[in-house]
Structures are given as structure tokens and as C-alpha cells.
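Single-letter residue listing:
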Amino acid sequence: MVDLHCHSHFSDGVLSPEELYNRAVSSGVKIFSLTDHDSVDGVSRLIAANNSQQMQVISGIEFSTRFKKHDIHILGLNIDLANVGLSKVIQLQKDSRVVRAKQISELLAKCGVENAYDKACDIANNNSIGRPHFAKVLLNEGLVRDLQGAFTQYLGARKKAYVATSWIDIPQAVDAIIQAGGSAVIAHPLKYRLTNTKLNELIKEFKDSGGVGIEVVSGDMSAAEIDHAAEISLRFDLLASSGSDYHADRISRVAIGRQKALPKKCNPIWSKWSLN
Ligand code: AMP
Ligand code: MN
Ligand code: MN
Ligand code: MN
């Protein structure tokens, strides 16, 4: 069992890196990665502390990128956390998060929410600030019934408080990952609801940049969706990854390490990562 995609409170998850680690061990996970949005603070702490023989911890990150007006997530796995180029790109992304958060706050002010930026910062607690923190603000203010409602009414693409963010592009993300010695993976490829043409274009740009993998199993997927993603991985000769994309018990339908199995026909990205 592996889990190469989840989130701690260093981005929009609720658990600490250590709590996630303990849950992964309890679930029988053998290879684990913590992939916070545009942050390696949590996984750095885990790797510095990990001397367990029970489970291998792989460094990871989930980069937000912009591709043809879509927000596409690229996982960087097995990266050198000390790499200077990688750190610079992470800083760019953190800056973009702050700029965007202030813009979201201005839009929310027009909807009657005062000081949304400060309120979201309090919830994010100095970590990678994102839309889920604003979703909590909207929930606390009683403007929406649940977090999903905050996205469908305010924060989702083209809604009242949506801001098109100047994330790095796919070549920049893949290049930073490669410079840091890691493997770039397209996260949850079916979640973007791209047409086949757009998905093919995305994969071409990704592969031309040096990307090597695609998430075949991600969170809660049906057997048919997994088979579809597996076929894409084979058609484009991409290595297959698998992760729960766990954020919190309330939000995530799949617990750490509990996502469905990778189809046998796939070529697992972790097969070359030896246990040591
Ligand atoms: P951000 O990276 O700040 O743009 O936030 C994206 C994150 O918001 C995703 O990683 C999800 O955790 C969460 N998210 C995105 N869309 C939705 C949605 N429709 N409902 C609930 N959470 C969402
Ligand atoms: Mn998230
Ligand atoms: Mn994602
Ligand atoms: Mn994720």
C-alpha cells in the first residue's frame, strides 16, 4: 500500500504531519508522501524526524499551475528539499497566494464580508493560504451552509469571488521539480473536466517539459474512472501514481492509504524507489 498525495495543516489539511504519518503507519502504508499545496514545510519536518523502518517517507509538493485558463495541479515527488531553484519557485507561489488572497478579500467585501483577508490569515495560521480558508470564513459568517457551497457560490471558477491566479505554468513547475531531482506527476487528471483535445494538449506540454507520471488513483474514484485514467497512463507512456488526496475526516471520503488499488496493467512510479 502506498499513499503519495495528502495534505497537512501546512496547507489546507487539518492534521499535523506527524498525525498523518501515524495514520499512514496504522493503515499499513509502506511508501508515503505529504504533498501540501505549494509548500514543503510539513514534509521537511517529517523527513528530518523519520528514522522508521516501517514506512518510507518521500518528499513531495502539489504545485498549482495555470494552463489555458485552468488551474492544473502538478505533484513533485522525491524532490531535494534543499534545492535553491525549487525554493525560489515555492516562494513565487507563496507570494501569488498572498496577492490572490487580498484580491479575494476585496471581492468578498463587495459581498458584505468585512476583513476576509485577516480572518482567512487567522485560519491559515501563517501557512499556505488558499480558497479553503476563505470557505471557512464564509461558513463562519453564515453566508453558506457548507464548504462546498462556498465554492459553488463564491470561490469556484467564474463565481463572485473567483480570482484567476498567476500561478507558474506547467514547464516552470516541471522544470523546478526536475532541477530538484524529482519526478513530476499530473494530479487527479479527470477532476479538471477537460475535453479530450485539451487533456491531450496538457499531457503533451507536460511530457515535452519532462513530466513522467500521472495520478491514476486519486481520492474517491469509481472503478470506471480508474480504468480510464489507467488507459491514459498507458497510452501516453506515463508512470502511474496513487494517493488519497486526504485533507480532513469531514471533507475527504477516502482515509490515508485507503484509496482503491492501482490496476495491475499500470507501471507504478514508486517501483524504482528502493527501501533503505
Ligand atoms: P487553492 O489551491 O487555494 O486554489 O485551493 C484549492 C483547494 O480547494 C483544493 O485543493 C481543494 O482542497 C479545495 N477545493 C477546490 N474546489 C473545491 C470544491 N468545489 N469544494 C470543496 N473544496 C474544494
Ligand atoms: Mn486542497
Ligand atoms: Mn489538487
Ligand atoms: Mn491535493
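Basis of the calculations
- Residues numbered from 1 in each chain as written.
- Chains lettered and ligands numbered in written order.
- Predicted model: local features only at pLDDT ≥ 70, side-chain atom pairs only at ≥ 80, totals over all residues.
- Heavy atoms only, no water.
- Buried < 20%, exposed > 50% of the residue type's maximum accessible area, 1.4 Å probe, protein only.
- Helix = DSSP H or I, 4+ residues; strand = E, 2+ residues; numbered from the N terminus.
- Pairing = 2+ DSSP bridges.
- Salt bridge = Lys/Arg side-chain N within 4 Å of Asp/Glu carboxyl O.
- Donors = N, O, S within 2.8 Å, 3.2 Å for Na, K, Ca; no water.
- Near = heavy atom within 4 Å.
- Polar contact = N/O pair within 3.5 Å; in protein donor to acceptor, adjacent residues only side chain to side chain.
- Areas by Shrake-Rupley, 256 points an atom, 1.4 Å probe, with all protein chains shown as cover.
- Nonpolar A, V, L, I, M, F, W, Y, C, P; charged D, E, K, R; others polar.
- Phe/Tyr/Trp six-rings, centres within 6.5 Å; stacked < 30°, edge-to-face > 60°.
- Lys NZ or Arg CZ within 6 Å of the ring centre and 35° of its normal.
- Contact = heavy atoms within 4.5 Å.
- Core = buried A, V, L, I, M, F, W, Y, C linked by side-chain atoms within 4.5 Å.

Engineer: Run through the pairing of strand E4 (residues 60-67), naming residues and quoting values.
Structural biologist: The element E4 is largely enclosed, with a buried count of eight among its eight residues. Here E4 shows two buried faces, one formed by Gly 60, Glu 62, Ser 64 and Arg 66 and the other by Ile 61, Phe 63, Thr 65 and Phe 67. Across eight bridges, the pairing between E4 and strand E5 (residues 70-77) is antiparallel. When the sheet's bridge partners are listed, Gly 60 is paired in E5 with Leu 77. Where E4 folds back on E5, the antiparallel hairpin that results is connected by two residues, among which Lys 68 adopts a positive phi of roughly 45 degrees. Alignment of E4 against strand E6 (residues 168-169), held across two bridges, turns out to be parallel. From the neighbouring strand, Arg 66 faces E6, where its bridge partner is Asp 169.

Engineer: So what about the pattern of salt bridges? Which residues, and what values?
Structural biologist: For the coordinates displayed, the defined rule picks out 12 salt bridges. Between Lys 94 and Asp 41 there is a salt bridge, with its nearest N and O atoms 3.3 Å apart. Of this pair, Lys 94 sits in helix H3 (residues 84-110) while Asp 41 sits in helix H2 (residues 41-49); the two residues are 53 residues apart in sequence, bridging distant segments of the chain. By relative accessible area, which is 23% here, Lys 94 ends up partly exposed. For Asp 41, a relative accessible area of 37% puts it in the partly exposed group. Here Lys 191 ties to Asp 245 by a salt bridge, and the two come within 3.9 Å at their closest N and O atoms. You can see Lys 191 sitting in the loop between strand E7 (183-186) and helix H8 (196-209) and its partner Asp 245 sitting in the segment after strand E9 (239-243), a full 54 residues away along the chain.

Engineer: Report on unusual backbone geometry, specifying residues and quantitative values.
Structural biologist: With the exception of glycine, the majority of residues adopt a negative phi angle, and the majority of peptide bonds are in the trans configuration. If you check the backbone angles, Arg 193 has positive phi at about 50 degrees while not being a glycine. Position of Arg 193 relative to the elements: it lies in the loop between E7 and H8. With a phi angle near 55 degrees, Asp 237 is a residue other than glycine that sits in the positive phi range. The topology assignment puts Asp 237 in the loop between helix H9 (223-235) and E9.

Engineer: Mind laying out the coordination of the manganese ion (ligand 2), listing which residues take part and the relevant values?
Structural biologist: Within the protein, the atoms that donate to the manganese ion (ligand 2) are Asp 12 (OD), His 37 (NE2) and His 247 (NE2), at distances of 2.1 to 2.2 Å. Within one chain, the residues donating to the manganese ion (ligand 2) are spaced in sequence as D-x24-H-x209-H. If you look at the manganese ion (ligand 2) and the manganese ion (ligand 3), they sit 5.6 Å from each other. You can see His 37 sitting in the loop between strand E2 (31-33) and H2 and its partner His 247 sitting in the segment after E9, a full 210 residues away along the chain. When sorted by exposure, His 37 lands in the same class as His 247, which is buried.

Engineer: So what's going on with the coordination of the manganese ion (ligand 3)? Which residues, and what values?
Structural biologist: Taken together, Glu 62 (OE), His 73 (ND1) and His 188 (NE2) make up the full set of protein donors to the manganese ion (ligand 3), lying 2.1 to 2.2 Å away. Spacing between the donor residues of the manganese ion (ligand 3) along their common chain follows E-x10-H-x114-H. The exposure class of Glu 62 is buried, given its relative accessible area of 1%.

Engineer: Help me get a handle on the site of ligand 1, residues and values and all.
Structural biologist: Neighbouring residues of ligand 1: Asp 12, His 37, Arg 97, Arg 100, Gly 130, Arg 131, Pro 132, Gln 148, Phe 151 and His 247. One nitrogen or oxygen atom from the side chain of His 37 is found 2.9 Å from an oxygen atom belonging to ligand 1. Protein chains shield 75% of the accessible area of ligand 1, which is 500 Å² for the free molecule. When contributions to the shell around ligand 1 are tallied by element, the ones reaching two or more residues are H3, helix H5 (131-140) and helix H6 (147-155). Grouping the amino acids of the shell around ligand 1 by side-chain chemistry returns two nonpolar, four polar and four charged.

Engineer: With reference to specific residues and values, describe the packing of aromatic side chains.
Structural biologist: Under the criterion given, the structure shown has zero aromatic pairs. Its guanidinium or amino end placed over the ring of Tyr 154, Lys 160 lies 4.6 Å from that ring's centre, counting from NZ or CZ.

Engineer: I'd love a proper account of the side chain of Gln 93, names of residues and values included.
Structural biologist: Here Gln 93 lies in helix H3. Residue Gln 93 is classed as buried on the basis of its relative accessible area of 1%. Of note is the side chain of Gln 93, whose polar atom sits 2.8 Å from the side chain of Asp 38. Apart from residues no more than four positions distant in its own chain, Gln 93 is found in contact with Asp 38, Phe 63, Ser 64, Trp 167 and Ile 168.

Engineer: Any details on the nonpolar core? Residues and values, ideally.
Structural biologist: In terms of nonpolar packing, the biggest core is built from 64 residues, with Phe 32, Phe 63 and Val 216 touching the most fellow members. For this core, the leading source of residues is helix H7 (residues 170-179), giving five residues. When neighbours within four sequence positions are excluded, Val 216 is seen to be in contact with Met 221, Ile 226, Ala 229, Ala 230, Ser 233, Ala 240, Ser 241, Leu 262, Pro 263 and Cys 266. Counting 20 residues, the second-largest nonpolar core is a separate cluster that includes Ala 116, Ile 129, Ala 150 and Tyr 154.

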